[in-house]
Amino acid sequence: MSSTKTPVRVRFAPSPTGHLHVGGIRSALFNWLWARHNDGKFILRLEDTDRKRLVEGAADQIYASHDALGITPDEGPVQGGPYGPYIQSERLEIYARYATQLLESGALYPCWCTPERLDGLRQEAQKAGTAFKYDRYCLKPGNQLAEAEPHVLRFRIPEVPESIGWDDAVRGRLDFKLADLDDFVAIKADNFPTYHFANVVDDHLMKISHVLRADEWLPSTPKHLLLFQAFDWEPPTYAHLPAVLGPGGGKKLSKRDGAQSVQEYLDEGYLPEALRSFLASLGWNDGTTQEVYTTPELIGRFTLDRVQKSPAKFDKERLTWMNGLLIRQMPLDELLERSRAFLPPEAKHYDAQYLKAVLRLVQERLKFLSELPELTEFFFADPASAEPHEWLPQIIAALEPSDFTEADLETRLRALTTELDTKPGLLFGLIRHAVTGRTAAPGLFETLHVLGHGTTLRRLRNNQF
Ligand code: GLU
């Protein structure tokens, strides 16, 4: 089964059960790229029917992460759209209507079994070493209770055909035996639909053409196809995206490996375009050796046949490298705008020209923007005074008449090296430490040039006594 649906309409359907981490947003990005590649629509749908797992604030964080990454939905809870509402808990009447349809056709049936009875069945299955399958007690004559009694609606797995399958756009042909499937719950006792039921009804009503989702959802797909069949609807094309593993491969991405929320990466000063390029590489490549892509390049080249089957490895160091590369390529004006939220607070007292001169000196080594306070604070505030040194009066005398161009600073300080009969490393290190409080900083002449005559001499004098 492969869909012929056009135009391309894809959705990302997170459950607001916690922080949107990088694996989740990778799915969102792939959907967004596929929509943009085809001039289609990218839809955000909130799957909040599992009421016990809801986390306060998670939905807002999902919206904010999309915006910050620049993968804004065309339709969704914030944008609205012709197929709304886009939050499942606001669609209960719709699910109830479709559940009635399947109840009448016999595809769904009520089940009154208590949690205790079901637990017992589960334990028996476990003892026998088999997968749990509901025993259809409530289908047997005489076992039905009154409709008013609390009950769920189960989907009756058909006896024929023997198996169900689809041509996955990433995995190829996949088939599952129906005999292995359990009569899953479609509508819960609280009248909320389960993930399976709501997901299928919405994918149909929202005219979704392709479902790009992580391959952890693979076992759910046969159930979804059976629901499509029961409704006599055409299913979308499924494309199951490879898992994202830690850098060593083998095990799931952990917090230590970089399984952070998107917001945390942005707060650390990772650029949205670096994240987009990096996340796109988690399971996709264009067949060349290119490593970093601009977003228009990603949109132009993103096709499903280039999505890989094997798990992707998340290497945070590679992301950091990409981020540094993009920072180095950035025009200074832009770097300044992007850096404003990260520079030390004192920086707001300085003009753009000074800030750009500072940024030019650290741009080369800057890997992410939250490194800026540490790298630049001495450009904005005097460091604590160092130990007084016997050479300081001569250093001050040598620099006092300088015009503070880099060339003049260099000439004077090299002459002083000869005069003091010492090595440049020693003298320059001493000056650097006295003026910046650091042992390593950008080049000395450039640094002094940016700091200027007044600041440099004030700081040197501060160290004299
Ligand atoms: N609500 C599911 C999730 O949290 C959606 C899976 C799907 O895309 O079908 O990921």
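Each value, and the rule that gives it
- Residues numbered from 1 in each chain as written.
- Predicted model: local features only at pLDDT ≥ 70, side-chain atom pairs only at ≥ 80, totals over all residues.
- Heavy atoms only, no water.
- Pairing = 2+ DSSP bridges.
- Helix = DSSP H or I, 4+ residues; strand = E, 2+ residues; numbered from the N terminus.
- Axes fitted to C-alpha atoms, helices over the stretch in contact; angles between N-to-C directions.
- Contact = heavy atoms within 4.5 Å.
- Core = buried A, V, L, I, M, F, W, Y, C linked by side-chain atoms within 4.5 Å.
- Buried < 20%, exposed > 50% of the residue type's maximum accessible area, 1.4 Å probe, protein only.
- Near = heavy atom within 4 Å.
- Polar contact = N/O pair within 3.5 Å; in protein donor to acceptor, adjacent residues only side chain to side chain.
- Areas by Shrake-Rupley, 256 points an atom, 1.4 Å probe, with all protein chains shown as cover.
- Left-handed = near helix turned anticlockwise from the far one by under 90°.
- Nonpolar A, V, L, I, M, F, W, Y, C, P; charged D, E, K, R; others polar.
- Expected span 1.5 Å × (residues − 1).
- Salt bridge = Lys/Arg side-chain N within 4 Å of Asp/Glu carboxyl O.

Draft legend 1. Seen up close, the sheet that holds strand 7 (residues 185-187). Pairing in this open sheet of three strands is antiparallel, and the strands run 3-4-7 from one edge to the other. Two strands lie at the open edges of the sheet, namely strand 3 (108-111) and strand 7, each paired on one side alone. In this sheet, neighbouring strand axes are inclined to one another by 45° on average, regardless of whether the strands run parallel or antiparallel. Sheet topology note: the strand 4 (residues 152-155)/strand 7 ladder contains two bridges and is antiparallel.

Draft legend 2. Up close: the environment of Pro158. One can find Pro158 in the loop between strand 4 and strand 5 (163-168). Considered as a pair, Pro158 and Lys188 are 30 residues apart in the sequence and their alpha carbons are 21 Å apart. Setting aside residues no more than four positions away along its own chain, Pro158 makes contact with Leu178 and Leu226.

Draft legend 3. Just the nonpolar core, in detail. Counting residues in each nonpolar core, the largest one holds 97 residues, and the members touching the most others are Leu279, Phe379, Ile395, Leu413 and Leu460. Those residues within four positions of Leu460 in sequence are excluded, and the remaining contacts are Leu392, Ile395, Ile396, Leu399, Ala434 and Val435. Listed in part, the 35 residues of the second largest apolar core include Leu102, Leu178, Ile187 and Val200.

Draft legend 4. Just the site of the ligand, in detail. Around the ligand, a shell composed of Arg11, Ala13, Ser15, Glu47, Tyr195, Asn199, Arg213 and Trp217 is seen. Here an oxygen atom of the ligand sits 2.8 Å away from a polar atom, N or O, in the side chain of Arg11. Asn199 has a polar side-chain atom sitting 3.1 Å from an oxygen atom of the ligand. In isolation the ligand has 290 Å² of accessible area, and contact with the protein removes 85% of it.

Draft legend 5. Inspection of the side chain of Thr194 at higher detail. Structurally, Thr194 is set in the loop between strand 7 and helix 5 (195-205). The class of Thr194 is buried, set by a relative accessible area of 12%. With residues near it in sequence (within four places) discarded, Thr194 still touches Thr49, Val185, Ala186 and Lys188.

Draft legend 6. View of the pairing of strand 5. One ladder, built from six bridges, connects strand 5 with strand 6 (residues 172-177); its direction is antiparallel. By the bridge assignment, Trp166 is partnered in strand 6 with Leu174. Connecting the antiparallel pair strand 5 and strand 6 is a turn made up of three residues.

Draft legend 7. Expanded view of the packing of helix 14 (residues 392-399) against helix 15 (residues 406-420). At a closest axis distance of 10 Å, the pairing of helix 14 and helix 15 adopts a crossing angle of 145°. Of the two elements, helix 14 crosses helix 15, and the hand of that crossing is right-handed. On helix 15, the residues that touch Gln394, Ile395, Ala398 and Leu399 of helix 14 are Leu409, Arg412, Leu413, Leu416, Glu419 and Leu420. By residue class, the composition of the contact of helix 14 with helix 15 is seven nonpolar, one polar and two charged.

Draft legend 8. Local environment of helix 1 (residues 22-37). Counted at 1.5 Å a residue, the expected span for helix 1 with its 16 residues is 22 Å, and the 22 Å between its end C-alpha atoms agrees. Among the 16 residues that make up helix 1, 14 are buried, leaving the element largely enclosed by the rest of the structure. Downstream of helix 1 by one or two residues, Asp39 has phi in the positive range, about 55°.

Draft legend 9. Local environment of the pattern of salt bridges. The full count for this structure, using the stated rule, is 33 salt bridges. Between Asp167 and Arg173 there is a salt bridge whose closest N-O contact spans 3.4 Å. On the basis of relative accessible area, Arg173 is assigned to the partly exposed category, the value being 46%. In this structure, Asp408 and Arg412 form a salt bridge, with 2.8 Å as the shortest nitrogen-oxygen distance. One end of the pair, Asp408, and the other, Arg412, are both in helix 15, four residues apart, so they sit about a helical turn from each other. For Arg412, a relative accessible area of 28% puts it in the partly exposed group. Three or more residues are tied together by salt bridges with common partners; here these are Arg11, Arg45, Glu47, Arg91, Asp202 and Asp203.

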